[in-house]
Amino acid sequence: MKKRLSKILWFGDALNENNQAAPPALSPSDEEHLQGLNLGEIYICVADADPALFIRTSADRIVYFKALDIEALSKFFIRKDRPDEAGFLIKFLGGLFSDYIQSMNFSSGALGEGFVIKVDSKTGDSYLEVDHMLARKSATFIELLIQRLRQVGGQIILSPASMSCSKVEEYDTFYRCYFENTDGEKTIVQEFVIGDQARSQTFNIKPGVHENVSNTYYWRLVTSVGDNYIDLSKSDCDTGSAAPQAGDDIVQLGNRTDKTRQNAIVLAAYGNDTPSFRQYAGIDSYSLTGKEVTAFSPNGNKVTGDFILKTGVNILTQFKILEDLIYSEISKVLDEVQAKDNYLYNASFASNTNGWETKNDVRFFTVNGKFLLVNGEFYSRKDAMAAVIRDGDRNVLRILSSGIKQSNADLANKPTYEEGEEPGKFFISFRYKVATAGTLTIGFPGQNLHFTEHLEPGEEYAMKEYSGAWDGTGDFELKFTGDIYIHSLALTENAFEDLYTKLSSEIKQTAENLKLSVTKIEEDVTQLGLDINGVTDELKLYVKKDGLGSEINVALDNISVVSKNIYFTGDISANGNVSIQADGTIKAIGGYFEGEINANSGVFKNVRTPNNSLVIDENGNVSIVGKISTASSGTKIEINPNSNSLKFYNSKGYDVGGISFLDSGGGGTSVTYPRLKLDNIASDGNLTASTTLFAGSLSMISNLSGSRYQVSLGIDGLSFYKDGRLTKSYPSS
């Protein structure tokens with residue numbers, strides 16, 4: 001079969017009159033391959049209304065696959081875009097390339113099951129784990145380690161080296177302890193190194209039963225090693241160390257200088273606090289005091305150390321389990337500088353390099369003038385690049401023999417200075433990992449804030465920070481001559497340690513109480529927490545920050561909510577008697593209000609005051625007990641049942657008229673005397689004229705030219721008075 005190449009994939013969004021994906025035209029010939037669909041190519045219609053695939057067959061037909069048919073095709077084809085499985089045997093006649101193959105039931109370890117074949121992503125070493133292995137012809141081992149799973153009644157120490165002593169030779173300054181490193185068929189390697197501390201101890205030999213046999217203990221320094229022996233110092237040893245003997249099981253426990261050989265795990269079945277599991281770190285002497293970092297035992301459990309999450313985030317954790325108490329504290333530092341503090345634009349490189357000038361030199365390989373496609377991608381060589389890529393669980397900027405630049409006009413912010421003012425100090429910080437060594441150049445060329453440094457490769461991301469004066473001018477550049485990965489790039493007025501966010505959480509649990517809290521420290525402190533108290537039967541939920549706070553307290557007989565603002569969504573009901581609808585409508589069987597009630601409109605069926613001094617029924621009847629006063633623009637009208645009067649007051653508060661009546665009675669007879677009074681009051685408060693109407697009489701008074709005139713009209717006639725003297729009268733008959 002002859003292999004043919006084409007441009008493979010191309011796309012468009014053309015639709016026909018029925019709003020369906022329109023098929024492309026067929027190319028007239030190989031020479032005119034750009035004018036249509038060729039053999040071996042796939043045309044993708046990316047129109048959202050009808051996404052589809054088109055191919056050209058050997059009979060020059062166009063075959064159409066709708067995107068919705070992918071699920072149906074999955075019944076016959078294995079998916080490449082997600083995990084999939086096949087229910088039948090699959091034969092890979094051309095071979096299989098994979099870095100990881102395992103059985104469905106695989107679990108690792110001596111007590112595990114199934115199998116796995118994989119490549120370690122960190123070391124690149126291949127790894128095979130199976131139950132039985134048969135080599136029909138031959139097997140070649142560069143190094144063969146023989147390990148057995150066994151049970152002991154004393155202790156099992158998991159450390160870098162162990163041996164069973166077969167013979168001891170005594171010299172002036174050391175004991176030479178031999179071990180069998182081969183049985184003629186297999187050979188095991190020497191695991192001890194110079195500087196190791198070798199320990200042997202027995203626990204279960206009954207004293208006085210056998211001659212010259214007793215429990216032994218020694219912990220000595222290894223001064224020399226051979227293929228099948230180790231030399232143990234006579235003088236450099238723990239107090240009370242006995243001489244080694246044939247038959248001793250010797251284990252490595254600590255090293256004087258090599259920190260990688262100073263750790264051990266001890267499984268103990270002998271002693272007061274057993275069975276137990278203990279992990280030790282930093283063993284560099286004949287003492288384990290202060291070296292225990294993890295312990296599980298009947299008397300208590302403790303776990304301390306750095307915990308690395310699957311995402312690669314390092315969380316400093318302390319977790320202690322004591323009698324009737326579980327306590328955990330976790331803290332984490334967010335190394336992202338907030339955008340508001342960063343003078344660089346788009347420096348997190350979360351998805352792109354917008355705002356940056358980048359240099360990329362990518363060469364694509366071609367065959368017969370056409371791009372070479374390998375594993376679904378165009379085969380190329382990257383001589384220089386600066387682009388956002390995915391590294392682990394985040395996007396980072398990769399710079400390969402290239403660089404990026406942000407022009408001064410594109411900076412997110414720039415400092416301003418008064419004339420003659422010295423430029424301020426600024427800080428450049430970022431996280432980086434070097435894949436290939438090179439020289440880093442970063443900052444503003446020609447200014448104090450510009451640096452060059454050679455960086456060596458490293459496995460983990462490290463923090464780098466520079467500081468210097470910057471006057472706000474110039475373009476920011478970042479170049480590297482090797483291969484480097486960068487994230488969290490920042491240009492700030494403050495050092496990184498003053499800008500990061502620190503988070504810490506705490507869990508404290510006893511039989512009676514559970515407390516969970518989270519503290520976030522930025523420019524201010526935010527605290528969130530949950531407190532469940534089994535003694536007082538109370539639950540508290542709170543959020544506090546900068547003097548503000550919200551709190552919910554739940555007890556057996558009440559719930560209290562404290563907050564500056566409280567928001568509810570949906571309908572709210574209280575015992576079926578009070579409800580607040582989502583539209584704000586309130587329905588209640590009754591109500592009691594203190595303070596003012598403000599409303600734009602409303603309907604009241606019956607209204608009354610607590611002592612019934614004001615009653616308005618649903619028919620509009622109004623009953624008022626007490627004085628009524630109404631005023632506008634300084635004038636006032638007052639109804640006072642105590643004085644049986646209706647009075648009018650002008651803007652200066654003078655009584656200018658009114659209606660009143662007087663009840664008088666005696667001898668069982670009651671008489672009511674009504675009165676209508678109208679007064680003219682001068683601006684100085686003096687009365688100028690007055691008219692008074694009684695039942696059966698009328699009196700008018702006027703003050704003119706210093707004299708008082710009065711006219712009286714009654715049943716008995718009409719009379720005129722001046723200054724109280726009758727001047728004229730007209731009888732009624």
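About the criteria used
- Residues numbered from 1 in each chain as written.
- Predicted model: local features only at pLDDT ≥ 70, side-chain atom pairs only at ≥ 80, totals over all residues.
- Heavy atoms only, no water.
- Helix = DSSP H or I, 4+ residues; strand = E, 2+ residues; numbered from the N terminus.
- Buried < 20%, exposed > 50% of the residue type's maximum accessible area, 1.4 Å probe, protein only.
- Phe/Tyr/Trp six-rings, centres within 6.5 Å; stacked < 30°, edge-to-face > 60°.
- Lys NZ or Arg CZ within 6 Å of the ring centre and 35° of its normal.
- Pairing = 2+ DSSP bridges.
- Axes fitted to C-alpha atoms, helices over the stretch in contact; angles between N-to-C directions.
- Salt bridge = Lys/Arg side-chain N within 4 Å of Asp/Glu carboxyl O.
- Contact = heavy atoms within 4.5 Å.
- Patch = residues over 30% accessible without salt bridge, like charges linked within 9 Å, V, L, I, M, F, W, Y side chains within 5 Å.
- Areas by Shrake-Rupley, 256 points an atom, 1.4 Å probe, with all protein chains shown as cover.

**Student:** When you look at the overall build of the chain in this model, what are you seeing that I'm missing?
**Tutor:** Helices and strands together make up the secondary structure of the chain, namely one helix and 56 strands. When each of the 733 residues of the chain is scored for burial, the buried share is 25%.

**Student:** I keep staring at the packing of aromatic side chains and nothing clicks. Help me out?
**Tutor:** Two descriptors summarise a pair of aromatic rings, namely the distance from one centre to the other and the angle between the planes of the rings. With the rule as written, the count across this model stands at 16 aromatic pairs. Seen in terms of ring centroids, Y43 and F54 are 5.7 Å apart; in terms of plane orientation they differ by 40 degrees. Their pairing is tilted. Taken together, the positions of Y43 in strand β2 (residues 42–45) and F54 in strand β3 (residues 52–56) put the pair eleven residues apart, joining distant regions of the chain. The exposure class assigned to Y43 is buried, which follows from its relative accessible area of 5%. Exposure remark for F54: the relative accessible area of 2% places this residue in the buried category. Ring geometry for F277 against F296: centres 6.1 Å apart, planes inclined by 50 degrees, an arrangement best described as tilted. You can see F277 sitting in strand β17 (residues 276–280) and its partner F296 sitting in strand β18 (residues 292–297), a full 19 residues away along the chain. Classification of F277 as partly exposed rests on a relative accessible area of 28%. Using a relative accessible area of 37% as the deciding quantity, one classes F296 as partly exposed. Among the aromatic residues, ring-to-ring pairing joins Y343, F349, W356, F426, F444, W470 and F476 into one connected group. Over the aromatic face of Y175 sits the side chain of K234, whose NZ or CZ is 5.2 Å from the ring centroid. Sitting over the face of the ring of Y542, K544 holds its NZ or CZ atom 5.2 Å from the ring centroid.

**Student:** Explain the sheet that holds strand β7 (residues 126–129) here, please?
**Tutor:** Across a sheet, strands are paired by hydrogen bonds formed along the backbone, either parallel or antiparallel in direction. With antiparallel pairing, the three strands of this open sheet are ordered in space as β5-β6-β7. Only two strands of the sheet have a single neighbouring strand rather than two, namely β5 (100–102) and β7. When strand polarity is set aside, the average angle formed by the axes of neighbouring strands in this sheet is 10 degrees. Judged from the three bridges that link them, β5 and strand β6 (residues 116–119) form a sheet pairing that is antiparallel. What sits directly across from Q102, in β6, is V116.

**Student:** Before we go on, may I ask you to explain the pattern of salt bridges in this structure?
**Tutor:** When charged atoms on two side chains of opposite charge get close, those side chains can pair. Throughout the structure, instances matching the rule amount to 15 salt bridges. Close ionic contact of K405 with E357 constitutes a salt bridge, the shortest N to O distance being 3.9 Å. In this pair, K405 is assigned in strand β29 (residues 394–406) and E357 in strand β22 (residues 357–358), connecting sequence segments 48 residues apart. With a relative accessible area of 31%, K405 lands in the partly exposed category. Among the residues examined, E357 registers a relative accessible area of 44% and is labelled partly exposed. With a closest N to O distance of 3.8 Å, E638 and K627 form a salt bridge. Within this pair, whereas E638 is found in strand β48 (residues 635–640), its partner K627 is found in the loop between β46 (622–624) and β47 (628–632), the two being separated by eleven residues in sequence. Taking the relative accessible area as the measure of exposure, K627 reaches 52% and is therefore exposed.

**Student:** I would appreciate a short explanation of the side chain of S707 in the present structure.
**Tutor:** Mapped onto the elements, S707 comes out in strand β54 (residues 707–714). The residues contacting S707, other than those within four sequence positions of it, are S702, K722 and D723.

**Student:** How should I be thinking about the sheet that holds strand β43 (residues 586–588) in this particular structure?
**Tutor:** Pairing in this open sheet of three strands is antiparallel, and the strands run β41-β42-β43 from one edge to the other. Looking at which strands have only one partner, the edges of the open sheet turn out to be β41 (572–574) and β43. Within the sheet, the average angular offset between the axes of one strand and its neighbour, ignoring direction, is 5 degrees.

**Student:** Please explain the side chain of S200 as it appears in this structure.
**Tutor:** Inspection of the secondary structure assignment puts S200 in strand β12 (residues 196–201). The exposure class assigned to S200 is buried, which follows from its relative accessible area of 3%. In this structure, S200 is in contact with T216, Y217, Y218, D248, D249 and I250, ignoring residues within four places of it in sequence.

**Student:** Is there a simple way to think about a nonpolar patch on the surface in this case?
**Tutor:** A contiguous nonpolar surface patch, about 920 Å² in accessible area, is contributed by I78, I90, F92, L96, I101, F115, I117, L128, V130 and M133. Relative to the assigned elements, I90 resides in the loop between α1 (70–73) and β5. By relative accessible area, I90 is classed as partly exposed at 37%.

**Student:** Explanation requested: the environment of S429 in the structure shown.
**Tutor:** With respect to the helices and strands, the residue S429 is situated in strand β30 (residues 424–436). A sequence separation of 61 residues divides S429 from A490, and the C-alpha atoms of the two residues are 5.3 Å apart.

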